[in-house]
Structures are given as C-alpha cells and as structure tokens.
Amino acid sequence: MWYLIEGYDVADALPKRGEARPAHLARLHELRDLGRLLLAGPCPAIDAEDPGPAGFSGSLIVAEFESLEAARVWADADPYVAAGVYSRVDVRPFRKVLP
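## A closer look at the nonpolar core
Turning to step 1, where the next piece is worked out: Of all hydrophobic cores here, the largest spans 12 residues; its members are Tyr3, Ile5, Leu28, Leu31, Ile61, Ala63, Phe65, Ala70, Ala71, Trp74, Ala75 and Val91.
Turning to step 2, where the next piece is worked out: Of all elements in the fold, only strand 1 (2-9), helix 1 (14-33), strand 3 (56-64) and helix 2 (68-76) reach the threshold of two or more residues within this core.
Turning to step 3, where the next piece is worked out: What isoleucine 5 contacts, discounting residues up to four positions off in sequence, is Ser59, Leu60, Ile61, Phe65, Ala71, Trp74, Ala75, Val89, Asp90 and Val91.
Turning to step 4, where the next piece is worked out: Residues Ala13, Ala20, Tyr80 and Tyr86 belong to the second largest nonpolar core, which totals 5 residues.

Quick look at the structure:
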C-alpha cells in the first residue's frame, strides 16, 4: 500500500537540510530503484521554485510499504529526523487515484 510521509521543518532548518541531504536522497533513490517511490520533494517556504535562503517548510514523500508501521519505522530513520530538520513527521495511508 502507498503511504504519505510529510515532514514539517523547524525554523532555520536550511543548514541542517544541506548537511543531511545526501543521506536523505540516498534512501529515496533506494526506494525508487525498488519501484516503491511514487513521488518525493520539498515544499518551498515561499512561492518560488528556488526559495533561496527562505528554505523549505517541509517535505512530502509517497512510497509503498508493507504496513503503516513499516512506513513509520522508515520515516523515523530518515537522516532529516536525526539531523533535527523536522519538528514532526506525519505518516498516513494514501490511495492513488489519478493519474
């Protein structure tokens, strides 16, 4: 089943994001290579493709896991969590309808 993982950034998280980004992306590439990643990306803090120093308000991942618990375990192990980028992470089931 698909699960939506949404992380919410702490204030001034941009430097922490930069440090943890390579490890964060490596985990996403692993899911992609396994065919289990539907989409992933950050949410700019301002209405701009590149928010510059404004940074991001959070991130969204939709990926396939065997259970909600497995999705939560995976999300809890994210390098952004360990680096203190996120103030909280929500994980919930997702049902893809379109496209």
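## Examining the pairing of strand 3
Turning to step 1, where the next piece is worked out: For strand 1 and strand 3, the ladder comprises 7 bridges, and the chain directions are antiparallel. By the bridge assignment, tyrosine 8 is partnered in strand 3 with glycine 58.
Turning to step 2, where the next piece is worked out: Strand direction decides the pairing type here: strand 2 (residues 37-44) and strand 3, joined by 7 bridges, are antiparallel. Bridge pairing in strand 3 places leucine 39 opposite valine 62.

## Describing the environment of glutamate 6
Turning to step 1, where the next piece is worked out: With respect to the element layout, glutamate 6 can be found in strand 1.
Turning to step 2, where the next piece is worked out: Non-local contacts of glutamate 6, meaning those with residues more than four positions away in its chain, are made with Ser59, Leu60, Arg88, Val89, Asp90 and Arg92.

## Regarding the sheet that holds strand 4 (residues 86-94)
Turning to step 1, where the next piece is worked out: Taken together, 4 strands build an open sheet; the order of strands is 2-3-1-4 and the sheet is antiparallel. Edge positions in the sheet fall to strand 2 and strand 4, since each has one partner strand and no second. Between one strand axis and the next, the sheet turns by 10° as a mean value, whatever way the strands run.
Turning to step 2, where the next piece is worked out: Where helix 1 meets the sheet, its contacts fall on strand 1, strand 2, strand 3 and strand 4, and the angle it forms with strand 3 comes to roughly 10°.
Turning to step 3, where the next piece is worked out: Lying on the sheet, helix 2 is in contact with strand 1, strand 3 and strand 4; it crosses strand 4 at an angle near 155°.

## A few points about the packing of aromatic side chains
Turning to step 1, where the next piece is worked out: Evaluation of the coordinates by the stated rule reveals 3 aromatic pairs.
Turning to step 2, where the next piece is worked out: On the numbers, 5.6 Å between centres and 50° between planes, the contact of phenylalanine 65 with tryptophan 74 is tilted. There is no split in this pair, since phenylalanine 65 and tryptophan 74 are both buried.
Turning to step 3, where the next piece is worked out: Here tyrosine 80 and tyrosine 86 contribute two aromatic rings whose centre-to-centre distance is 5.7 Å and whose plane-to-plane angle is 80°, an arrangement assigned as edge-to-face. As far as burial versus exposure is concerned, tyrosine 80 and tyrosine 86 are alike and both buried.
Turning to step 4, where the next piece is worked out: Members of the aromatic cluster, each reached through a chain of ring pairs, are Tyr3, Phe65 and Trp74.
Turning to step 5, where the next piece is worked out: Here the basic side chain of arginine 27 rests over the ring of tryptophan 74, its NZ or CZ set 4.0 Å away from the ring centre.
Turning to step 6, where the next piece is worked out: Stacked on the ring of tyrosine 8, the Lys or Arg arginine 88 has its end atom at 3.9 Å from the ring centre.

Calculation rules
Residues numbered from 1 in each chain as written. Predicted model: local features only at pLDDT ≥ 70, side-chain atom pairs only at ≥ 80, totals over all residues. Heavy atoms only, no water. Core = buried A, V, L, I, M, F, W, Y, C linked by side-chain atoms within 4.5 Å. Buried < 20%, exposed > 50% of the residue type's maximum accessible area, 1.4 Å probe, protein only. Helix = DSSP H or I, 4+ residues; strand = E, 2+ residues; numbered from the N terminus. Contact = heavy atoms within 4.5 Å. Pairing = 2+ DSSP bridges. Axes fitted to C-alpha atoms, helices over the stretch in contact; angles between N-to-C directions. Phe/Tyr/Trp six-rings, centres within 6.5 Å; stacked < 30°, edge-to-face > 60°. Lys NZ or Arg CZ within 6 Å of the ring centre and 35° of its normal.

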